[in-house]
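So you can see what is in the structure, the chains are spelled out below.
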Amino acid sequence: MKVFQVRQRATGAILWTGSASDEIAALDAMAHEAGYYDHSDIPQTVSGGGLAVEVVMV
């Protein structure tokens, strides 16, 4: 598995870093750890401006 980092585009804040199989799985894992079902449930106050997902380790 790859290690991904999810950042809030507007602020550059790192929201999550961890292992996932792909970008969508990384977003879902971040959302799940924050108490949401998946990334589609993340509130606009967090995802406003977009979320950036990048591989930080292969």
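Below, the structure is looked at part by part. A quick note: this is a predicted structure, and the numbers were derived from the prediction, not measured. (Residues numbered from 1 in each chain as written. Predicted model: local features only at pLDDT ≥ 70, side-chain atom pairs only at ≥ 80, totals over all residues. Heavy atoms only, no water.)

## A word on the overall build of the chain
Part 1: Counting secondary structure elements, the chain contains two helices and three strands.
Part 2: Going residue by residue from the N terminus, the α and β elements of the chain occur as β-β-α-α-β.
Part 3: A compact globule built from 58 residues should have a C-alpha radius of gyration of about 10 Å, and the chain, at 10 Å, falls within 12% of that.
Part 4: For the chain, the C-alpha atoms occupy an extent of roughly 30 × 25 × 15 Å along the three principal directions.
Part 5: Counting only residues that meet the buried cut, the chain has 26% of its 58 residues in that class. (Helix = DSSP H or I, 4+ residues; strand = E, 2+ residues; numbered from the N terminus. Rg over C-alpha atoms; globule rule 2.2 N^0.38 Å. Buried < 20%, exposed > 50% of the residue type's maximum accessible area, 1.4 Å probe, protein only.)

## Thoughts on helix 1 (residues 23-33)
Part 1: Listing the buried residues of helix 1 in full gives Ala26, Leu27, Met30 and Ala31. Down the axis of helix 1, the smallest arc covering the buried residues is 130 degrees, so these residues share one side. Turned more than 90 degrees away from the buried face of helix 1, the exposed residues are His32 and Glu33.
Part 2: The secondary structure elements touched by the buried residues of helix 1 are strand 1 (2-8), strand 2 (14-20) and strand 3 (51-57).
Part 3: The opening residue of helix 1 is aspartate 22, an N-cap whose side-chain oxygen sits 3.2 Å from the backbone nitrogen of isoleucine 24.
Part 4: Backbone geometry just downstream of helix 1 places glycine 35 in the positive-phi region, at approximately 100 degrees. (Arc of directions from axis to C-beta. Contact = heavy atoms within 4.5 Å. Polar contact = N/O pair within 3.5 Å; in protein donor to acceptor, adjacent residues only side chain to side chain.)

## Concerning the side chain of aspartate 38
Part 1: Relative to the elements of secondary structure, aspartate 38 occurs in the loop between helix 1 and helix 2 (44-47).
Part 2: Buried within the structure, aspartate 38 lacks any salt-bridge partner; arginine 9 is the closest side chain of opposite charge, at an N-O distance of 18 Å.
Part 3: Within the structure, the side chain of aspartate 38 is placed 2.5 Å from the side chain of serine 40, a separation counted as a polar contact.
Part 4: Once residues lying within four places of it in the same chain are set aside, the contact partners of aspartate 38 are Asp28 and Ala31. (Lys, Arg positive; Asp, Glu negative; His and termini not counted. Salt bridge = Lys/Arg side-chain N within 4 Å of Asp/Glu carboxyl O.)

## A word on the nonpolar core
Part 1: Grouped together as the largest cluster of nonpolar side chains are 10 residues: Phe4, Val6, Trp16, Ala20, Ala26, Leu27, Met30, Ala31, Ile42 and Leu51.
Part 2: Listing elements by their share of this core, those giving two or more residues are strand 1, strand 2 and helix 1.
Part 3: The element that contributes the greatest number of residues to this core is helix 1, accounting for four residues. (Core = buried A, V, L, I, M, F, W, Y, C linked by side-chain atoms within 4.5 Å.)

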